[in-house]
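Residue-level listing of the chains:
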Amino acid sequence: MALELLRDTAIPKTAAVYPLQWRSRVYAIVGLVSLLGVVIAATLAIGSTHIPLATLGNILLAKLPFIGVESTWASSMETIIFDIRLPRLLLAGLVGASLAVAGATYQGLFRNPLADPYLIGVAQGAALGAVTGFLLPASWQAASIPLLAFAGALLAVAVVYSIARVGKTLPMTTLILAGVALGAFLAAITSYLMIASGDKLHGIISWLLGTFSLTSWWQVTMVIPYISLGIVVIWLHARPLNVMQLDEEQAQQLGINVERVKLILLGAATLITAAAVCFCGIIGFVGIIIPHAVRLIWGPDHRFLLPLSTLAGASFLILADTVARTMLAPTEIPVGVITAFLGAPFFLYLLRQKKRAIF
Amino acid sequence: MNQYSRNCLLVLLSVALLLCLSCASPPPAGNVVDDLDRTINIDEIPQRIISLAPSNTEILFALGLGDRVVGVTEYCNFPEAAIAKPKVGGFSTVDIEKVVSLEPDLVLATQIHSKTAIPALEKLGITALALAPGSLDEVMNNITLVGKITGQDKQASQLVNSLGTRIEAIASRTQNLAPDQRPRVLYLTWHDPLITAGTETLVDDIISKAGGQNIAYDISGHKAIALETVIHRDPQLIIASIGMGTGEDLPWQYVKNEPRLKNTEALLNDRVYKIDGDLAHRAGPRIVDALEQMAQFIHPELFEEIN
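Let me sum up the structure you'll find in this document. Remember, predicted model here, so these are calculated numbers, not experimental data.

**Quick look at the interface of chain A and chain B**
Piece 1. On the side of chain B, 26 residues touch chain A, which itself brings 27 residues to the contact.
Piece 2. A combined buried area of about 2,300 Å² lies between chain A and chain B, and 60% of that area is made up of carbon and sulfur atoms.
Piece 3. On the surface where chain A and chain B come into contact, there are two salt bridges.
Piece 4. Taking the shortest distance from any N to any O, the salt bridge between B:Glu228 and A:Arg325 comes out at 3.8 Å.
Piece 5. For the pair chain A and chain B, the interface holds 10 residue pairs in polar contact (both at pLDDT 80 or more).
Piece 6. Elements supplying a minimum of two residues to the side of chain A that touches chain B: α4 (75-110) and α8 (201-209) of chain A.
Piece 7. A total of seven residues in the side of chain A that touches chain B trace back to one element, the largest contributor, which is α4(A).

**What about the packing of helix α8 (residues 202-209) of chain B against helix α13 (residues 287-298) of chain B?**
All names here are of chain B.
Piece 1. In the contact formed by α8 and α13, the axes pass within 9 Å of each other and the chain directions differ by 50°. For the element pair α8 / α13, the angle class is oblique. The two elements α8 and α13 meet at a crossing, and its hand is right-handed. Contact residues: Leu202, Val203, Ile206, Ile207 and Lys209 in α8; Ile287, Ala290, Leu291, Met294 and Ile298 in α13.
Piece 2. For the contact of α8 with α13, the per-class residue count stands at nine nonpolar, no polar and one charged.

**Quick look at the sheet that holds strand β3 (residues 49-51) of chain B**
Residues and elements named next belong to chain B.
Piece 1. Spatial strand order, β4-β3-β5-β6: four strands in an open sheet with parallel pairing. Each of the sheet's edge strands pairs with one partner strand only, and the pair in question is β4 (69-71) and β6 (128-131). The sheet shows a mean angle of 35° between the axes of neighbouring strands, taken without regard to direction.
Piece 2. Direction of pairing for β3 relative to β4: parallel, over a ladder of two bridges. Opposite Ile50, over in β4, you have Gly71 as the bridge partner.

**Some points on a negative patch on the surface**
All names here are of chain B.
Piece 1. Judged by side-chain charge, Asp35, Asp37, Asp137 and Glu138 come together as a negatively charged surface patch.
Piece 2. Note that Glu138 resides in helix α6 (residues 136-150).
Piece 3. Here Glu138 falls in the partly exposed class, since its relative accessible area comes to 35%.

**With respect to the environment of A:Leu128**
Residues and elements named next belong to chain A.
Piece 1. Mapped onto the fold, Leu128 is located in helix α5 (residues 122-135).
Piece 2. Linking Leu128 and Ile288, residues 160 residues apart in sequence, is a C-alpha distance of 23 Å.
Piece 3. In contact with Leu128, other than residues within four places in its own chain, are Leu186, Ile189, Thr190 and Leu193.

The rules behind each value
Residues numbered from 1 in each chain as written. Chains lettered and ligands numbered in written order. Predicted model: local features only at pLDDT ≥ 70, side-chain atom pairs only at ≥ 80, totals over all residues. Heavy atoms only, no water. Contact = heavy atoms within 4.5 Å. Buried area = accessible area lost by both parts, 1.4 Å probe. Salt bridge = Lys/Arg side-chain N within 4 Å of Asp/Glu carboxyl O. Polar contact = N/O pair within 3.5 Å; in protein donor to acceptor, adjacent residues only side chain to side chain. Helix = DSSP H or I, 4+ residues; strand = E, 2+ residues; numbered from the N terminus. Axes fitted to C-alpha atoms, helices over the stretch in contact; angles between N-to-C directions. Parallel < 35°, antiparallel > 145°, perpendicular 65-115°, else oblique. Left-handed = near helix turned anticlockwise from the far one by under 90°. Nonpolar A, V, L, I, M, F, W, Y, C, P; charged D, E, K, R; others polar. Pairing = 2+ DSSP bridges. Patch = residues over 30% accessible without salt bridge, like charges linked within 9 Å, V, L, I, M, F, W, Y side chains within 5 Å. Areas by Shrake-Rupley, 256 points an atom, 1.4 Å probe, with all protein chains shown as cover. Lys, Arg positive; Asp, Glu negative; His and termini not counted. Charge placed at Lys NZ, Arg CZ, Asp CG, Glu CD. Buried < 20%, exposed > 50% of the residue type's maximum accessible area, 1.4 Å probe, protein only.

Spelled out as structure tokens, the structure:
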């Protein structure tokens, strides 16, 4: 049963031969870039604290050089906009972009529509690392939680990779099965540590559900190098990824070093996923719903699927986080709850549409 | 036997009878209503009591019932004698088998056990009663109720009287404060995310009795509060709880080191305080200690002489 799911037979054999639809794709890129801009501007204005649009405009103008705007607002307003909302929505955007593009990469690599960035142990490794961080002495926690989460994610995938490798090749089915098994093992350890964690359980649960609650600038600057490097590397491999949709043997015959491309793409997707989850926790469903939505609308050509997923993922997670921080304001709910709440119905919709062979 | 000695004997007998009656234990409480609005029949005075919450344990020991307590939770760390008692599990995770093996005739639970441990124990024929106070007054009512059930009415009324006197000493000076004389207070139990105590919590009642106003007035229960709300509402003092049992002061350290809070009045005037979470969150007699500490934090000018 599992194997039938893994070998998705719905992939059309002609998938690598995509008609060029330049005009609609240029529109799509321009449209999604402007959407991202509008989303950033709009969500900067929304929050549990009411800041009038005029005030927001003046605060932004005052930051520009050569424009003298007299400060008539409380300094707390500036703190809220520049030190709370802006870093938070930028991190949400970076994380959303990473998860979406990593999801698209995994789905392409595994040729399986159910693949998401957490398929081969990233989430379980990160969770175990983070929970270990919570149990360390108090003064280390601020640094140890993201660091251990990041290391745990990379280590888990490295272990899965080395288990699944057969000689010089990497059979994707073995990789998934090894990932699922190691993930279950790590999740068991995590659950045990959670039971033993006593009063730290609250902090752990909100990390596991994913939250941007206390994001500040240093976190944004920490993840930018990894995420931008990883995303660019993935974008540059869109063409080999397209060819590999045929089947690995044919791709090899067409002059693509399949094993090398697999290794690079797995590495890059794992790196950006690990960087995405290490500060904000495990945010589910973005990596599945965004690539599928993009595929539904603009088709499966990876040269566009990857950048469009990046843009759409960023906008989606910024919006989801805005819902998370305003829906029950002044209290906040974990953003993972919102993405799953929106993501699950979408996934059910996809299942119903399966006959249309969207992948 | 003459008339005189017969009268003497009669008097002696009646005195003996009276003494006998008064030294016998008082009658059992009969039907009582617990905090989940369930009516429970107490037809015998309980002799083997299990507590499923640290607050319940503290009430029992404060009423001199330490000898009758046969089981407590892993979190029951006060008074010292409670630590040595057999453990029946954590706070929400009750080891029913262990409870049954200790053969209790009363289990003092809380509202978190309403769907789990309480029905399980009642099916096994064990009397379980839930205490779930939401205010200081209700804590006092609970102490009276436990006293009534266990036949310690006198100890309970003494305890409630002395606690009531201490509460009144504070409330009498704060109840007539105008809103602008009540400093804005942020109470934190955790820092990532920021978890505060909103309305319908004991902490909220304590803050208002201590003469402050809780900035989480539109949040109910223990929930996350947005950092921007905190900055916008600009607390005049921040009180962070010290981790239950661990003695860690992470929320306090966070507040002290968070650059985005440095322009709040609390940080500008260096009014960031710590309170022992075991005092502030436990609905037992020591909640009054928490009230006195908070009153000193919030109105140092009014309450210099306490302690």
